[in-house]
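Inside the fold
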Amino acid sequence: MTIRRLDPSDWARFREIRLDMLRTAPNAFGSTQEEWAAKPERDIRDWLAKIHTLGLFDGPRLVGTAAFHRQTSPRATHRAEVIAVYLRPAARGQGHALTLLAALADAAKTQGIVQLDLHVADWNAPAIALYARAGFATTGRMPRAMRHGGRFSDTLIMVRALDTP
């Protein structure tokens, strides 16, 4: 397995895994499969150019992703939000998600980011446990943060400081 940053030339691979994540876990993400299926190539290339996205590869096949985007508010540029964390089912249970999150934290540190934030559905116990193992702590709850099919779900707010050992 290898990890590298995805760039705009990876748009087709990223689109494929993004559609896979939204198909297999539609209630775990803020985007929808329909939304991403309709995105033109140009939009996906722009997304990859703007959002720091790591890919986990098994040979040539993209089997996992994790991304962050820096906050844009002038008083919050020291923080980034973690998004699009996903491993294909065959790649799970082998420690790859922790390795991918560690690589994401290292990449954020090189950009001067000192804190990673994320939102995770409160019913997603495996993801919550993964993030806790990766050093994230729950700092709050956002009620009715997501709505899928007319049903609301709360998210937990989790944070990891990168400037402390």
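Higher on the page you've got the structure.
The paragraphs below set out a description of the structure included in this document.

Paired through their backbone hydrogen bonds, the strands of a sheet run either parallel or antiparallel. Strand order in the open sheet made by the 7 strands is S1-S2-S3-S4-S5-S7-S6, with mixed pairing throughout. Two strands in the sheet have a free side with no partner beyond their single neighbour: strand S1 (2-5) and strand S6 (137-148). Neighbour to neighbour, the strand axes of the sheet diverge by 25° on average, direction disregarded. One ladder, built from 7 bridges, connects strand S2 (residues 52-58) with strand S3 (residues 61-70); its direction is antiparallel. For Thr-53, the partnering residue across the bridge sits in S3 and is Ala-67. Packed onto the sheet, helix H1 (residues 11-24) meets S1, S2, S3 and strand S4 (79-87) and runs at close to 90° relative to S3. Packing against the sheet, helix H5 (residues 125-133) makes contact with S4, strand S5 (115-121) and strand S7 (151-161), and its axis sits at approximately 165° to S5.

The next thing to look at is the nonpolar core. Among the nonpolar cores identified, the biggest contains 30 residues, and Leu-116, Val-120, Tyr-131 and Phe-136 are the most heavily contacted of them. In terms of residue count, the dominant contributor to this core is helix H4 (residues 96-110) (7 residues). If we ignore the near neighbours within four places in the chain, the residues touching Phe-136 are Val-82, Leu-116, Leu-118, Tyr-131, Met-158, Val-159 and Arg-160. Ile-17, Leu-19, Phe-29 and Tyr-86 belong to the second-largest nonpolar core, a separate cluster that totals 17 residues.

Turning our eyes to something else, we now look at the packing of H4 against H5. In contact at an axis separation of 10 Å, H4 and H5 are set at 50° when each is read in the N-to-C sense. Overall, the two elements H4 and H5 adopt an arrangement that is oblique. The way H4 lies across H5 gives a crossing that is right-handed. Every residue of H5 that contacts H4 at Ala-97, Leu-98 and Leu-101 is listed here: Leu-130, Tyr-131 and Arg-133. Taken together, the residues of the contact of H4 with H5 sort by class into 5 nonpolar, no polar and 1 charged.

With that settled, consider the pattern of salt bridges. All told, the structure shown has 10 salt bridges when counted by the stated rule. The salt bridge involving Asp-10 is made with Arg-13; its shortest N-O contact spans 3.8 Å. Judged by its relative accessible area of 6%, Asp-10 falls in the buried class. Here Arg-23 ties to Asp-20 by a salt bridge, and the two come within 3.3 Å at their closest N and O atoms. On the criterion of helical spacing, the pair formed by Arg-23 and Asp-20 is a turn pair, its members being 3 residues apart in helix H1. Among the residues examined, Arg-23 registers a relative accessible area of 47% and is labelled partly exposed. For Asp-20, a relative accessible area of 11% gives the class buried. What emerges from the salt-bridge pattern is a single network uniting Glu-16, Asp-20, Arg-23 and Arg-88.

With their axes 9 Å apart at the nearest point, H1 and helix H3 (residues 41-50) run at an angle of 95° to one another. In terms of axis orientation, H1 runs roughly perpendicular to H3. Mapping the contact onto sequence places Trp-11, Phe-14 and Arg-15 in H1 and Glu-41, Ile-44, Arg-45, Trp-47 and Leu-48 in H3. Looking at the contact of H1 with H3 residue by residue, the class counts come to 5 nonpolar, no polar and 3 charged.

Analysis parameters
- Residues numbered from 1 in each chain as written.
- Predicted model: local features only at pLDDT ≥ 70, side-chain atom pairs only at ≥ 80, totals over all residues.
- Heavy atoms only, no water.
- Pairing = 2+ DSSP bridges.
- Helix = DSSP H or I, 4+ residues; strand = E, 2+ residues; numbered from the N terminus.
- Axes fitted to C-alpha atoms, helices over the stretch in contact; angles between N-to-C directions.
- Contact = heavy atoms within 4.5 Å.
- Core = buried A, V, L, I, M, F, W, Y, C linked by side-chain atoms within 4.5 Å.
- Buried < 20%, exposed > 50% of the residue type's maximum accessible area, 1.4 Å probe, protein only.
- Parallel < 35°, antiparallel > 145°, perpendicular 65-115°, else oblique.
- Left-handed = near helix turned anticlockwise from the far one by under 90°.
- Nonpolar A, V, L, I, M, F, W, Y, C, P; charged D, E, K, R; others polar.
- Salt bridge = Lys/Arg side-chain N within 4 Å of Asp/Glu carboxyl O.

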